[in-house]
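# Results of the structural survey
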Amino acid sequence: VTTPPALAGDYTSVEGDFTPKLSAIGPITAQVVQVNPSDACGTILNAAALKGKIALIDRGTCFFVDKIRRVQTAGAIGVIMVNNVDGPPIPMGGSGNTSDIRIPGVMIRSEDGRLIKSQLANGVTATLAAFAAVARPELADQLDNGSSRGPRLPDSHLKPDIAAPGTSINAVEAGSGVRGRIYSGTSMASPHVAG
């Protein structure tokens, strides 16, 4: 965040798995505008305000791809997704054909999102740049936040009882020839277990 001065500084962020990489398209600086509705899961009501801006979107309700597609259509040039749970941001995953997504997107922590939202009336400007996107190497070999944990009902057996790499896995994209795509989730972990 570059302005206002009260917010200026670097914030932990993680790039989306299906959005263009900031290292390839260069830094993007623009005013940050909250999407209406805030989760971008319906018709965008403030499309004109998003043109040429970075869209601030709340996580939840619908797919990341659909959210980003809607604000891209409205003219946004980037996305900051605010996590809807406490803890670190996650890489936004997407399935299906996402080749039409041309704008970068990052996720930030929920507490950072609340802070940014509190200053929107004062004009928040941000720069999305590769140096600021955190790969989170300290989370390697850790259970993903989205995985089930603890005893299951009704027999109290502990879960997971088997785990495999499933976050930000680079694999050949079906129908693309030899091009790779980074995805996360069960679809990435299951082949590791099968192998």
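Below, the structure is looked at part by part.

Within a regular beta strand, the side chains point alternately toward one face of the sheet and then the other, so they alternate between its two faces. Judged from the 4 bridges that link them, strand 2 (residues 28–34) and strand 6 (residues 125–128) form a sheet pairing that is antiparallel. Looking at the pairing, glutamine 31 lines up with threonine 125 of strand 6. One ladder, built from 3 bridges, connects strand 2 with strand 3 (residues 54–58); its direction is parallel. Along strand 3, the bridge assignment pairs valine 33 with alanine 55.

A few words now on the sheet that holds strand 5 (residues 105–108). On the basis of which strands lie adjacent, the open sheet formed by 6 strands has the order 1-5-4-3-2-6 and mixed pairing. Where the open sheet ends on each side, the last strands, each with one partner, are strand 1 (13–15) and strand 6. Across this sheet, the average inter-strand angle for adjacent strands is 35 degrees, counted without regard to direction. Alignment of strand 4 (residues 78–82) against strand 5, held across 4 bridges, turns out to be parallel.

Attention now moves to the state of the cysteines. By the definition in use, this model includes 1 disulfide. In this model, cysteine 41 is linked to cysteine 62 through a disulfide, with the two sulfur atoms separated by 2.0 Å. Negative torsions about the S-S bond denote left-handed disulfides, and the value of about -90 degrees found for cysteine 41 with cysteine 62 makes this one left-handed. Here cysteine 41 is found in the loop between strand 2 and helix 2 (47–50), whereas its partner cysteine 62 is found in the loop between strand 3 and helix 3 (64–74), with 21 residues between them in sequence.

With that settled, the discussion passes to helix 4 (residues 110–118). Each α-helix winds once per 3.6 residues, and so residues spaced three or four apart point in a common direction. Turning to helix 4, its buried residues are Ser110, Asp112, Gly113 and Ile116. Around the axis of helix 4, the buried residues are gathered within 155 degrees of arc, so they sit on the same side. Looking at the buried positions of helix 4, the neighbouring elements they touch are strand 3, strand 4 and strand 5.

Judged by nonpolar contacts, the single largest core of 21 residues is most densely connected at Val35, Leu50, Ile57, Ile68, Val71 and Met81. Contributions of two or more residues to this core are made by strand 3, helix 3 and strand 4. Here the element with the most residues in this core is helix 3; it accounts for 5 residues. What valine 35 contacts, discounting residues up to four positions off in sequence, is Ala40, Ile44, Asn46, Leu50, Ala55, Leu56, Ile57 and Val71. Listed in part, the 16 residues of the second largest apolar core include Leu7, Leu22, Val106 and Ile108.

Scanning all chains against the criterion turns up 5 salt bridges. Note that arginine 69 is salt-bridged to aspartate 100, the shortest N-O span being 2.7 Å. On the criterion of sequence distance, the pair formed by arginine 69 in helix 3 and aspartate 100 in the loop between strand 4 and strand 5 is long-range, its members being 31 residues apart. Its salt-bridge partner being aspartate 112, residue arginine 109 comes within 3.1 Å of it at the nearest N-O pair. By relative accessible area, arginine 109 is classed as partly exposed at 28%. For aspartate 112, a relative accessible area of 7% corresponds to the buried category. The network of salt bridges with common partners includes Asp66, Arg69 and Asp100.

Criteria and cut-off values
- Sequence order sets the numbering: in each chain, residues are counted from 1 along the sequence as written.
- In view of the model being predicted, local features appear only for residues whose pLDDT reaches at least 70, and side-chain atom pairs are presented and counted only at 80 or more, with totals across whole chains, interfaces and linings using the full set of residues.
- Side-chain numbers come from the whole structure's heavy atoms, not from hydrogens or water.
- We call two strands paired when DSSP finds no fewer than two bridges between them.
- Put simply, DSSP marks the helices as runs of H or I at least four residues long and the strands as runs of E at least two long, and each gets a number from the N terminus on.
- Geometry is summarised by axes, namely lines fitted to C-alpha atoms with helices restricted to the contacting stretch, and by angles between N-to-C directions that run from 0 to 180 degrees.
- When two cysteine sulfur atoms lie within 2.5 Å, the pair is treated as a disulfide.
- Only protein chains enter the accessibility calculation, which uses a 1.4 Å probe; a residue whose area is less than 20% of its type maximum is buried, one above 50% is exposed, and one in between is partly exposed.
- It is the directions from the helix axis to the C-beta atoms whose arc is reported.
- Here a residue-residue contact requires only that any non-hydrogen atoms of the pair lie within 4.5 Å.
- To form a nonpolar core, buried Ala, Val, Leu, Ile, Met, Phe, Trp, Tyr and Cys residues must be joined to one another through side-chain atoms within 4.5 Å.
- Within this document, salt bridges are pairs made up of a side-chain nitrogen of Lys or Arg and a carboxyl oxygen of Asp or Glu, the two lying within 4 Å of each other.

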